[in-house]
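Observations on chain architecture
Each chain, letter by letter, is given below.
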Amino acid sequence: MVKLNSGYDIPALGLGVYLVPQEDAATVVYNALKIGYRHIDTAQVYKNEHESAQGLLKWINEGLGKRSEVFFTTKVGSPEGYDHVVQVVNESLEKTKGLEYLDLVLIHSPLTDKEKRIASWKALQDLKDKGLIRSIGVSNYGNHHIKELEEWDGLKYLPAVNQIEINPWLRREDITKYDLNLGIQIEAYSPLTRGYRLKDPELAKIAKKYNKSPAQILIKWSLQQGNIVLVKSNSEARQLENFEVQDWELSKEDLDFFADEYYVSHKAWDPVTYQG
Ligand SMILES: NC(=O)c1ccc[n+]([C@@H]2O[C@H](COP(=O)([O-])OP(=O)(O)OC[C@H]3O[C@@H](n4cnc5c(N)ncnc54)[C@H](OP(=O)(O)O)[C@@H]3O)[C@@H](O)[C@H]2O)c1
Ligand SMILES: *[C@@H]1O[C@H](CO)[C@@H](O)[C@H](O)[C@H]1NC(C)=O
């Protein structure tokens, strides 16, 4: 568990459902909860908020666990301003009806202008005060986007998290240091480089040394940095593999084994550098 600045605890390992097809999302989430995942990360643009919530509700209705044991996140697709954000969060709450509240709502990216980013954040602050969303945060924010919030005279809550792409070849120490100093926790997305570098020969060496899979090494590496880690798999077998990162550790020297070379797997998608 990681403690957020909102006072709530968040499970350090979460299941992400980006690219989980709508028709599969309920089953994928339900299976993950049966394996032991207690943290689900969806978004308006993933088009599976409703189905993901249905998977969680099925698990609760079958008596397998309680709502309060699971942390459920969604993201506002584009921060288009106050009224827009109030409206689309309402839509997310409607789609996930039965969950009673959302644990965390993020601004998905800073890709708009300053005025709209600030107005969108004000909307999230007000929605948090109404109690339907417990924590609020951002995603893909560079330090200059966080500074904008710090300098805004209406700031009531700093983001609880900043969700950004991180892997051993993309450490982003400038952002993680800056955010952690402010009490903003780091959520690492695409920890498996979306699969692109799972066959990396250096990674294979470490995997062999620990008798673990490359995916397990990448997830463990990120957890040991102190990150909250979001990993996606449709398959029960790979969900289980990715969850088996609890009772072993990488040595300090192996944590530093990989070269930081700014490897962004979302090729054309690195909004933390956005200057607009
Ligand atoms: N905020 C943002 O802008 C943003 C951007 C990207 C991602 N995210 C979040 O982060 C989550 C994870 O990132 P991601 O989905 O981009 O990528 P990822 O978790 O790094 O990688 C997922 C890919 O790896 C495969 N995979 C999963 N486990 C595996 C294993 N053990 N061995 C081999 N292959 C494996 C998956 O295929 P199968 O499904 O077939 O197993 C899928 O193709 C997302 O679902 C989303 O919640 C957020
Ligand atoms: C969403 O907005 C409608 C119309 O204002 C309202 O009736 C409904 O209660 C809202 N839903 C939630 C979950 O707040």
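Predicted model, so just to flag it, every value in this text is computed and none were measured.

**Observations concerning unusual backbone geometry**
- Not every positive phi belongs to a glycine, and N140 is a case in point at roughly 60°.
- Positionally, N140 belongs in the loop between β7 (133-139) and α5 (143-151).
- Phi is positive for R172, close to 55°, though the residue is something other than glycine.
- Mapped onto the fold, R172 is located in the loop between β8 (161-165) and α6 (173-181).

**Regarding the UniProt feature "binding site: substrate" (unreviewed entry) in the chain**
- Taken from the UniProt record, the annotation "binding site: substrate" (unreviewed entry) applies to H108.
- By the secondary structure assignment, H108 is in the loop between β6 (102-107) and α4 (114-130).
- In this view, H108 contacts A43, V45, Y46, K75, V76, G77, S139 and N140; residues no more than four positions away in its chain are not counted.

**A word on the layout of surface pockets**
- Within this model, the largest pocket holds a volume of roughly 670 Å³.
- At the level of elements, β10 (228-231) and α9 (236-243) are the ones that each hand at least two residues to the lining of the largest pocket.
- The element best represented in the lining of the largest pocket is α9, accounting for 3 residues.
- Its residues assigned to classes, the lining of the largest pocket shows 13 nonpolar, 12 polar and 6 charged.

**Let's talk about α9**
- Every buried residue of α9 is listed here: Q239, N242 and F243. Relative to the axis of α9, the buried residues are bounded by an arc of 100° and lie together on one face.
- Elements that come into contact with the buried residues of α9 comprise β3 (13-16), α1 (22-35), α8 (214-224) and β10.
- Between the side-chain oxygen of the N-cap and the backbone nitrogen of A237 there are 3.3 Å, and the N-cap of α9 in question is S235.

**Some remarks on the site of ligand 1**
- Taken together, 28 residues lie near ligand 1, and D41, L192, K232, S233 and R238 sit nearest.
- Contact distances for ligand 1 include 2.7 Å between an oxygen atom and a side-chain N or O atom of D41.
- Note that an oxygen atom of ligand 1 is positioned 3.4 Å from one of the backbone N or O atoms of P191.
- Protein chains bury 86% of the 900 Å² of accessible surface belonging to ligand 1 in isolation.
- Of the pockets mapped on this structure, ligand 1 occupies the largest pocket.
- Going through the elements one at a time, β10 and α9 are the ones with two or more residues in the shell around ligand 1.
- Per element, the largest residue contribution to the shell around ligand 1 is 3 residues, and it comes from α9.

Each value, and the rule that gives it
Residues numbered from 1 in each chain as written. Chains lettered and ligands numbered in written order. Predicted model: local features only at pLDDT ≥ 70, side-chain atom pairs only at ≥ 80, totals over all residues. Heavy atoms only, no water. Helix = DSSP H or I, 4+ residues; strand = E, 2+ residues; numbered from the N terminus. UniProt positions renumbered as here; feature names shortened; annotations may be inferred. Contact = heavy atoms within 4.5 Å. 1 Å grid on protein atoms, 1.4 Å probe; cavity = no way out; pocket = protein on both sides within 12 Å on 5 of 7 lines; lining within 4 Å. Points joined across faces, edges and corners; volume = space filled by probe spheres on them. Nonpolar A, V, L, I, M, F, W, Y, C, P; charged D, E, K, R; others polar. Buried < 20%, exposed > 50% of the residue type's maximum accessible area, 1.4 Å probe, protein only. Arc of directions from axis to C-beta. Polar contact = N/O pair within 3.5 Å; in protein donor to acceptor, adjacent residues only side chain to side chain. Near = heavy atom within 4 Å. Areas by Shrake-Rupley, 256 points an atom, 1.4 Å probe, with all protein chains shown as cover. Sits in = over half its atoms within 2 Å of the grid points.

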